[in-house]
Amino acid sequence: YAIFPYARQHNGIPKELAPQIRDGALKMIIFEELVYQEALRRKMTVPATKMQHAEADFRKQFATPDEFKAFLQSDFHGSQQLLLDKVRRSLLIEAFLKIEVEDKGTVSPAEVRAFYDKNPARFGHPETFTFQTISILPPANATTDQLKEGRKRAEQALRQAKATKTAEEFGLLAEKISDDDYRVMMGQHKPVAAGELAPQVVKALLAMHGGDVSDVIQIEQAYTIVRLQEHTPAGKAKFEDVKPQLDKELQQNKTNQIRAALDTKLRQNAKIEEL
């Protein structure tokens, strides 16, 4: 469940994932046991006050004393000492991992900045446009008359689009008259890189300001009208903007490396039997 927390929603572990998940669970069990044995070897102890707080916190998950007693009976044969031993074991593992993994996994501000400076491509972003569209799409293999009708509809749509004052008004119009799939989202497109757009559309967008509505843009036999919302030039994300997430990512990576190295070290002098 620690590895696949969605097991309850899926009525258990999916069969195709079971071998991988069980292998991971076994490795976790072995790792924690090796950590516990190493903590004992180092004669680490848990302060009495911490044990008291942990026991009190554990009891809080039960609504009544009787509910706690029932749990104690079912999982620990009614022995409070077995429960306390389990709590002490968990606290020793936690304390050991804090010293050997968590504390050593800290990443300094200088390390975060150095990673940012050494990986400029990672934080670069292309020129993008955020916009809405109204499109008039003649049928495939359209006749000359159908193409003329499409152009006429596009000109009518343009007059209506130019009369809109807000993104909402343009969007409501798109819902009514646009033929493209974006009409169900009020013509709204997520930020799109300039390289992914038709040259005619890019040319029009570059000449516009936020809130402007283009003229009719013809792309092969289709007609499009765009309303620019935001133009973001190509650039690089500011360090201050990416620092929180980057710090978290680098710390997680360092922690995983230290944990893996610790696992390897503990296994070197251990005898492990899988039955």
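Here, the structure is the one placed above.
Here we summarise the structure given alongside this text. (Residues numbered from 1 in each chain as written. Predicted model: local features only at pLDDT ≥ 70, side-chain atom pairs only at ≥ 80, totals over all residues. Heavy atoms only, no water.)

### Quick word on the overall build of the chain
Within the chain, the secondary structure is distributed over 9 helices and 6 strands. Taking 19 Å as the expected radius of gyration for a compact globule of 275 residues, we find that the chain reaches 31 Å, considerably beyond that expectation. Across its three principal directions, the C-alpha atoms of the chain cover 90 × 50 × 35 Å. Sorting the 275 residues of the chain into buried and exposed places 32% on the buried side. (Helix = DSSP H or I, 4+ residues; strand = E, 2+ residues; numbered from the N terminus. Rg over C-alpha atoms; globule rule 2.2 N^0.38 Å. Buried < 20%, exposed > 50% of the residue type's maximum accessible area, 1.4 Å probe, protein only.)

### With respect to helix α4 (residues 80–102)
Helix length check: α4 (23 residues) gives 31 Å between terminal C-alpha atoms against 33 Å at 1.5 Å per residue, within 8%. Listing the buried residues of α4 in full gives Leu 83, Leu 84, Val 87, Leu 91, Leu 92, Ile 93, Phe 96, Leu 97, Glu 100 and Val 101. In this fold, the buried residues of α4 make contact with α1 (18–41), α2 (48–59), α3 (65–76) and α9 (239–268). Of the residues flanking the start of α4, the one acting as N-cap is Ser 79, its side-chain oxygen 3.4 Å from the backbone nitrogen of Gln 81. (Expected span 1.5 Å × (residues − 1). Contact = heavy atoms within 4.5 Å. Polar contact = N/O pair within 3.5 Å; in protein donor to acceptor, adjacent residues only side chain to side chain.)

### Points about the nonpolar core
Core analysis: the largest hydrophobic core is formed by 25 residues, its most contacted members being Val 35, Phe 96, Leu 97 and Leu 262. At 9 residues, the largest contribution of residues to this core is made by α4. With residues up to four places along the chain from it excluded, the contact list for Val 35 reads Ile 93, Phe 96, Leu 97 and Leu 266. (Core = buried A, V, L, I, M, F, W, Y, C linked by side-chain atoms within 4.5 Å.)

### Let's talk about the sheet that holds strand β5 (residues 222–232)
If you walk across this open sheet you meet the 4 strands as β3-β2-β5-β4, and the pairing is antiparallel. Two strands close off the open sheet at either side, each with one partner strand: β3 (192–193) and β4 (217–219). Pairing geometry for strand β2 (residues 128–136) and β3, over 2 bridges, is antiparallel. Bridging from a neighbouring strand, Thr 128 pairs with Ala 193 of β3. Along the sheet, helix α6 (residues 144–162) contacts β2, β4 and β5; its crossing angle with β5, the most-contacted strand, is approximately 35 degrees. (Pairing = 2+ DSSP bridges. Axes fitted to C-alpha atoms, helices over the stretch in contact; angles between N-to-C directions.)

### A look at the environment of Leu 205
Summarising the element assignment, Leu 205 is placed in helix α8 (residues 199–206). Separated by 21 residues in sequence, Leu 205 and Val 184 place their C-alpha atoms 22 Å apart. Among residues more than four places away in sequence, those in contact with Leu 205 are Phe 129, Phe 131, Leu 197, Val 226 and Leu 228.

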